[in-house]
Amino acid sequence: FKTLSVTTPQITQQHPIICMFDVETHNSVVIEFAYVLYNGEKIIEKGYHLVKHDNASTYKPNGINDITPELLLDQGISASASKTLISSVFNRADILCGYNCKSDLTLISKTYDLPTDTYKVCCIYNYIKTLTAQSVSLTALNAALQHTTLQSHRALDDCMMLLNCYDSIRKHYPNMIYSYM
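Residues numbered from 1 in each chain as written. Predicted model: local features only at pLDDT ≥ 70, side-chain atom pairs only at ≥ 80, totals over all residues. Heavy atoms only, no water.

A closer look at the pairing of strand β4 (residues 43-52)
- Summarising burial for β4: seven of the ten residues are buried, a large majority.
- Two elements, strand β3 (residues 29-38) and β4, share seven bridges in a ladder whose sense is antiparallel. When the sheet's bridge partners are listed, A34 is paired in β4 with Y48.
- Relative to strand β5 (residues 77-78), β4 is paired through two bridges, and the arrangement is parallel. If you follow V51 over to β5, its bridge partner there is I77. (Buried < 20%, exposed > 50% of the residue type's maximum accessible area, 1.4 Å probe, protein only. Helix = DSSP H or I, 4+ residues; strand = E, 2+ residues; numbered from the N terminus. Pairing = 2+ DSSP bridges.)

Pasting the structure below:
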């Protein structure tokens, strides 16, 4: 498990702790998880990990991301260690924020047998679709908001793009609606 940066949390009264999260999957199983904990002013912590499931050696790269069976076997952590870390990260947040939350949380729930229906959730995809009546990819939204596009389809880069989008939307719509799933 890689924690990329850690600073002393400075919780503000005005803004809850948000956990931007993303997963990469293979055959409906989580193979990469990333997160960014954010307090509305700065990143508190960010990290990611690959997950080494029993079938990691049979993983076939999909051409979308650069995850290989060798990466999973060499750098992946066990599914049980991943479950513990995801649970810990989610429990430190007031709100989970993802792009396609329902799909990602369903996969996390199925992969790890973790209940995910008790968290307060902000789904950027649903929020944008409600505002614009259009479906748009995270990469396209990030570009439309004039943010630098990172490598898409790797979980941590997608989390950073998600944070950029979240901040831009929050500036224009300060009373952003959070919903329970």
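Here we look at the packing of helix α2 (residues 79-91) against helix α3 (residues 101-112)
- Two elements in contact, α2 and α3, have axes separated by 10 Å at closest approach and are oriented at 135°. Relative to α3, the element α2 lies oblique. Once α2 is placed against α3, the crossing between them reads as left-handed. Taken together, the residues of α3 that come into contact with α2 (itself represented by A79, S82, K83, I86 and F90) are L105, I108 and Y112.
- Taken together, the residues of the contact of α2 with α3 break down into six nonpolar, one polar and one charged. (Axes fitted to C-alpha atoms, helices over the stretch in contact; angles between N-to-C directions. Parallel < 35°, antiparallel > 145°, perpendicular 65-115°, else oblique. Left-handed = near helix turned anticlockwise from the far one by under 90°. Contact = heavy atoms within 4.5 Å. Nonpolar A, V, L, I, M, F, W, Y, C, P; charged D, E, K, R; others polar.)

Points about the pairing of strand β2 (residues 18-26)
- Among the nine residues in β2, eight count as buried, and that is most of the element.
- Strand direction decides the pairing type here: β2 and β3, joined by nine bridges, are antiparallel. Looking at β3, one finds that E24 is bridged to E32.
- The antiparallel pairing of β2 with β3 creates a hairpin that spans two residues between the two strands, and N27 there sits at a positive phi of about 50°.
- Of the strand pairs in this sheet, β2 and strand β6 (residues 95-98) are connected by three bridges, and their pairing is parallel. In the sheet register, C19 faces β6, and the bridge partner there is L96.

Remarks on the nonpolar core
- Core analysis: the largest hydrophobic core is formed by 25 residues, its most contacted members being M20, V36, C97, I124 and Y166.
- At the level of secondary structure, the elements contributing two or more residues to this core comprise β2, β3, β6, α4 (124-132), α5 (138-144) and α6 (155-172).
- At ten residues, the largest contribution of residues to this core is made by α6.
- Grouped together as the second largest cluster of nonpolar side chains are 24 residues, F33, V51, V89 and C101 included. (Core = buried A, V, L, I, M, F, W, Y, C linked by side-chain atoms within 4.5 Å.)

Quick word on the environment of S57
- Within the element layout of this structure, S57 appears in the loop between β4 and α1 (69-75).
- Sequence separation between S57 and T68 is eleven residues, and the spatial gap between their C-alpha atoms is 9.0 Å.
- When residues no more than four places from it in sequence are discounted, the contact partners of S57 are P69 and L73.

A closer look at the side chain of E32
- Tracing the sequence through the fold places E32 in strand β3.
- Separated by 2.7 Å, the side chains of E32 and R154 make a polar contact.
- Filtering out sequence-adjacent residues up to four positions away, E32 remains in contact with D22, V23, E24, Y48, H49, L50, V51, I67, R154 and A155. (Polar contact = N/O pair within 3.5 Å; in protein donor to acceptor, adjacent residues only side chain to side chain.)

As for the confidence of the model for the protein
- Averaged over every residue, the pLDDT of the protein is 82; the share at 70 or more is 83%.
- Contacts for the low-pLDDT stretch residues 1-12, under 50 throughout, to residues beyond four places or in other chains number 33 contacts. (pLDDT = per-residue confidence, 0-100.)

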